[in-house]
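Understanding the architecture of this molecule
Take a look at the letters that make up each chain.
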Amino acid sequence: MTPSFALYVGLPGQGMHLHLDALSLLFLGILLPQVVAGAMAGMRKSVTFWVFALGMGLALAAADAFTLIFGFELMSAASWLLVLRGDQKPATLYVGTAIFSAACLIPAVFLPAGPLAFLLIVLGAGAKAGLAPLHFWLPRAHPAPPAGVSALMSGGMVKVALYVIIRYAFVVLAPAAQPWWGGVLVAAGAASVLIGALRAMLEGELKTVLACSTVEHVGLITVGLGIALRGKAMDDATMAGLGLQAALLYAVAHGLYKPLLFIGAGEVKHGVGTTALDWLGGLVRGMPKLGLLMLAGAAGMSAMPLGPGFAPEFLLLHAAIAAAGSGGIIARIGFTALLAVLGVGAALALGAAVRLFGIGFLGRPRTLQAAAAEEARRGPLAGMALLGALCVPVALLPGLVLNLLTPVILELAPQAQTPPLAYAPLSLAVLAGLVAGAGWLALRRYGVRGTREVAAWNGGFGKAPPWLPFGDPAAQPSATGFAEPIGRAIGRGLLAPGGADPAEAFLLAPLQRLHTRGVRLAERIRRATIRQRLAFVFAALVVFLLALGLGEGS
Amino acid sequence: MLLTLLLRLLATLLHAALMFGLAPLLMGVVSTLRAWALGRRGPAFVQPYRDLYKLLRKATLAPDTASQLFSAWPVAGVLALAVAAMLVPGFSTGLLTAPLSDLITILGLLGLARAATMLGGLEAGSGFGGAGAWREALYGVFAEGALLVVLLCFGLLAHTVTVDGIALAFATQHIGISVSLGFALAAILAVGLTETGRIPTDNPSGHLELAMVHEAMLLEYSGRNLLLLNYAAMLRLALWMSLIGSIFLPFGMARAADILSWPGGLLLWALKLGAMAAALAVFEVSSAKMRVFRVPEFLGVAMLLGMLAGIFLFVAARIGA
């Protein structure tokens, strides 16, 4: 049932081997609709795009370490070219992170199974997936390329990186696994959730908001994986099962609604000319189809019930509750804090989604371009509709999707228990339908029908003057103003001074200072006079002889 | 077997009918008791029904700056709350909806209702609506975190997180009075007061205050839409009171399969709701509304109390086994 292929290219004497097991098939399945949607969104004729997709496919189907690394680096290089096409500055940051990631991954895959290999894998693949604290490049690089590529980077590339973590943590390095490995993943994931959700709430640019939300969702998936890894190492069947169910279902759902949102953001850019939230407004009037699809995506992004994102969130919270019920007291307190973090993250994600849709698509237009925006082009809209249609089974029949995931879960953790899902969206929908029917009948029977359109009351300000057809754009809530109070209430504690990302302020900035200092030192050495150089050589000789003599003497 | 199912169905229908029918009465009781406590005569208990009926007969206006989704938000909000109200047990445990009554589902439905109201507030692009929406978003961040840690505490004590299971476990097992549950109660009361928009975080009787939250998002709504939004607020209050009642005062709850226990359960439910309404009225009269930026601190304390409740449980090692 598990087909293997050998390709007659690659390392001399070895070639490259492909092998499709349940895990690879699942991730290829996650990838496929995004590639189709990305191609429909206007990337069909780009060779680099197809190389990018090929690299991801190769990494997912790889049977040996060389093929995996080859596919992974092909993916990195092709996506770098695509980012470069959009913007040069993030491309440099991106390629730097990609090199760091390769420098961690290449030794890791050839090391014997052990903690060092695991940590290198988490560093290398985590940097590619946008796991805190190595997520700083993601909100810069993901928005840069065209929308179809952004969609595939956010929905697909981070999944490939997560696939590498899953493949090594659960399969390849499994004999050496220890419970603290799960703890590392949970900690990194929780940090990503908090930072990603907070920045998604605070950023003012539509695509950057989506990229920050990707950081959050990668964090959520990683938390699920960490709980499962811990449960597997501690032989706790419930924890392992729930964690894996949550993580994999999240990967499936996120692979559908995030590309949808990114392609939609591209269409906003095409229609309005900008994706800055403070320049949009009222788009749902001009672009009703795009607006509805974006609403569906936002419902997934904020994990609303009856949306695609709720079932995995539900499972993840249950996994965290199960994890808090076992283990030592420090771990239990840690998982209690994790629940608080997940709650804050979920509410921030809800706020971010409301802000994205409420400021960008509802309200009054803030610019003439926003007022004149026309419906999105047919190709991208069809791609979004495809992804939106695939969201429906995930949203309404998560139990069926989980049944499909069971072979993957059993492959990763053979002892895992997968109890049936306690969240039944169909029953909730039936209840809502009954209430809606009764309410509609009552309103129809007793109420006054029809709706009259009038000027907005607007706190008594009345109608705007005729030269302001949409009212004063400055007198309506802005994206910046919407986020400011939250930035004030929790941003101060979590972000670096000035609202910068902590990873940038405390990791990237010191590295840059170190680099500058190193360059200055090298420059000083280069500019040394002949006397200084001779003195240096002489001093080195004296020190060497002294050391030798002292070593002989003792 | 069939009889049990039939009885459970009947109990569920009765619960839904009482919840939907009496939610306005509960709101009326609270306002009237509040007026009494202030020394005023106050409106009749049935005043909310009259208000709702008045709105039913009024024309529905939509601002010209609003989108075509303007009337969808009140419907979404009221539906989410109605489903949640059917899940939370009231007078009886073992309703047909009991397996669905997972606290996380209820949390999600409350979040859905909140999101719908916020989007409604942003519809017309007026300043008040936006201000209400950001305040709601700010409060939600802390409230949800606090609620999840409290939920963990219940889950550890009752070994389940369905409201029905918690109510059953707390009613039958000997849990006793513990510091943890006290902290959890304080935390959930703080969250409940915020979610239902009561003093000290929001003033339900304040129209056109600068610091209003819930009312600010409804300003552009009228007629049928306003009816739905106001009814949603009433449902939310009844839901939170039933929720807190069935977790912290689960004694005397009827069992759906045993019809003879229903009258006692109904009576006790009415008494519990009445007592909570009186307590809420007295509390509201005796405390003042907070500044907006004090609310995160208030809810942050709730979150810490919830965490402390969990930690005390771990230390006391009453869990496990």
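Residues numbered from 1 in each chain as written. Chains lettered and ligands numbered in written order. Predicted model: local features only at pLDDT ≥ 70, side-chain atom pairs only at ≥ 80, totals over all residues.

Section: the overall build of chain B
Secondary structure assignment for chain B yields 11 helices and three strands. For 321 residues, the compact-globule formula gives about 20 Å, and the C-alpha radius of gyration of chain B, at 20 Å, lands near that figure. Across its three principal axes, chain B shows a C-alpha extent of roughly 60 × 45 × 45 Å. For chain B, the residues scored as buried account for 61% of the 321 residues in total. (Helix = DSSP H or I, 4+ residues; strand = E, 2+ residues; numbered from the N terminus. Rg over C-alpha atoms; globule rule 2.2 N^0.38 Å. Buried ≥ 20, exposed ≤ 12 C-beta atoms within 10 Å, placed from the backbone.)

A few points about the domain arrangement of chain A
All names here are of chain A. Per the domain assignment, the segments of chain A are domain 1 (4-419) and domain 2 (497-553). When each unit is reduced to the centre of its C-alpha atoms, the spacing between domain 1 and domain 2 is 41 Å. Contact residues are listed per partner, giving seven residues for domain 1 and seven residues for domain 2. The class makeup of the residues in the side of domain 1 that touches domain 2 is five nonpolar, one polar and one charged. (Domains from an automatic or database assignment. Contact = placed C-beta atoms within 7 Å. Nonpolar A, V, L, I, M, F, W, Y, C, P; charged D, E, K, R; others polar.)

Regarding helix α19 (residues 479-494) of chain A
Three or four residues apart is the spacing at which side chains of an α-helix point the same way, because the helix has 3.6 residues per turn. Its axis deflected by about 50 degrees at glycine 487 of chain A, α19 of chain A carries its strongest bend there. Every buried residue of α19 of chain A is accounted for by Ala479, Phe482, Ala483, Ile486, Ala489 and Ile490 of chain A. Summarising the contacts, the buried residues of α19 of chain A are in contact with α8 (179-202) and α14 (329-360) of chain A together with α5 (127-158) and α11 (295-316) of chain B. (Bend = angle between axes of the 7 residues up to and from the residue.)

So, the interface of chain A and chain B
The interface is formed by 68 residues belonging to chain A together with 66 residues belonging to chain B. Where the side of chain A that touches chain B is concerned, the elements lending two or more residues are α11 (283-286), α13 (310-324), α14, α18 (425-446), β3 (451-454) and α19 of chain A. When residues in the side of chain A that touches chain B are grouped by element, the largest group, 19 residues, is from α14 of chain A. For the side of chain A that touches chain B, the residue count by class is 47 nonpolar, 16 polar and five charged. As paired elements, β3 of chain A and strand β1 (residues 60-63) of chain B share four bridges and run parallel to each other. Residue threonine 451 of chain A lies in a different strand from β1 of chain B, and its bridge partner there is threonine 60 of chain B. (Pairing = 2+ DSSP bridges.)

Here we look at the environment of tryptophan 269 of chain B
Residue and element names in this part refer to chain B. Counting through the fold element by element, tryptophan 269 comes out in helix α10 (residues 262-286). Its 25 C-beta neighbours within 10 Å are what place tryptophan 269 among the buried residues. Between the C-alpha atoms of tryptophan 269 and alanine 254, which are 15 residues apart in sequence, the distance is 9.4 Å. Non-local contacts of tryptophan 269, meaning those with residues more than four positions away in its chain, are made with Gly90 and Phe91.

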